[in-house]
Amino acid sequence: MYLTKEVKGEIFAKHGKSAQDTGSAEGQIALFTHRINHLTEHLKKNRKDFNTERSLVKMVGKRRSLLDYLKKKDINRYRAIIKELGIRK
């Protein structure tokens, strides 16, 4: 499996406050970005996998709503996470 407990811990430790802080917006956005990148690579190989395509679109929407929340709440944290993850906007 591509998303093990250790990988999640690393993502939350790097982008959140700690490895146990799984609820922070930055950690959630980083996790969604990791999953989105994985599904994008999967869809490049499997063009007709429409269930994965649908889940990818839903995940992008969830990440977008978290980014909108963070932008409204604290613009500096928003800019930092966008730059760190390389999300274009």
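See the structure printed just above.
Worth saying up front: this structure is predicted, and the values here are computed from it rather than measured. (Residues numbered from 1 in each chain as written. Predicted model: local features only at pLDDT ≥ 70, side-chain atom pairs only at ≥ 80, totals over all residues. Heavy atoms only, no water.)

1. So, the environment of T22
Inference 1: One can find T22 in the loop between α1 (5–15) and α2 (25–45).
Inference 2: Each C-alpha atom of the pair T22 and V60 lies 19 Å from the other, and the pair is 38 residues apart in sequence.
Inference 3: Residues in contact with T22, not counting those within four places in the same chain, are F12 and Q28. (Helix = DSSP H or I, 4+ residues; strand = E, 2+ residues; numbered from the N terminus. Contact = heavy atoms within 4.5 Å.)

2. Here we look at the nonpolar core
Inference 1: Residues A25, I29, L67, L70, Y78, I81, I82 and I87 constitute the largest nonpolar core, which totals 8 residues.
Inference 2: Looking at this core, the elements that each hand over two or more residues are α2, α3 (50–73) and α4 (75–85).
Inference 3: Of the residues forming this core, the biggest block, 3 residues, is contributed by α4.
Inference 4: Other than its neighbours up to four places away in sequence, L70 contacts A25, E26, I29, I75, R77, Y78 and I81.
Inference 5: Ranked by size, the runner-up nonpolar core spans 6 residues in total, among them F32, I36, L39 and L43. (Core = buried A, V, L, I, M, F, W, Y, C linked by side-chain atoms within 4.5 Å. Buried < 20%, exposed > 50% of the residue type's maximum accessible area, 1.4 Å probe, protein only.)

3. Details of the pattern of salt bridges
Inference 1: Counted by the stated rule, this structure contains 3 salt bridges.
Inference 2: With its nearest N and O atoms 2.5 Å apart, the salt bridge here joins R77 to E26. Taken as a pair, R77 in helix α4 and E26 in helix α2 lie far apart in primary sequence, 51 residues in all.
Inference 3: Residue classification places R77 among the partly exposed residues on the basis of a relative accessible area of 31%.
Inference 4: E26 gets classed as buried once you look at its relative accessible area, which sits at 12%. (Salt bridge = Lys/Arg side-chain N within 4 Å of Asp/Glu carboxyl O.)

4. Here's the deal with the packing of α2 against α4
Inference 1: Between α2 and α4, whose axes approach to 11 Å, the crossing angle comes to 25°. Between α2 and α4, the interaxial angle falls into the category roughly parallel. Handedness of the α2/α4 crossing: right-handed. In this structure, α2 uses A25, E26, I29, A30 and T33 to contact α4, whose residues at the interface are R77, I81 and L85.
Inference 2: Tallied by class, residues from the contact of α2 with α4 come to 5 nonpolar, 1 polar and 2 charged. (Axes fitted to C-alpha atoms, helices over the stretch in contact; angles between N-to-C directions. Parallel < 35°, antiparallel > 145°, perpendicular 65-115°, else oblique. Left-handed = near helix turned anticlockwise from the far one by under 90°. Nonpolar A, V, L, I, M, F, W, Y, C, P; charged D, E, K, R; others polar.)

5. Comments concerning α1
Inference 1: All buried positions along α1 are accounted for by I11, F12 and H15. Projected down its long axis, α1 shows its buried positions confined to an angular sector of 90°, all on one face. In α1, the exposed positions angled more than 90 degrees off the buried face are occupied by K5, E6, E10 and K14. (Arc of directions from axis to C-beta.)

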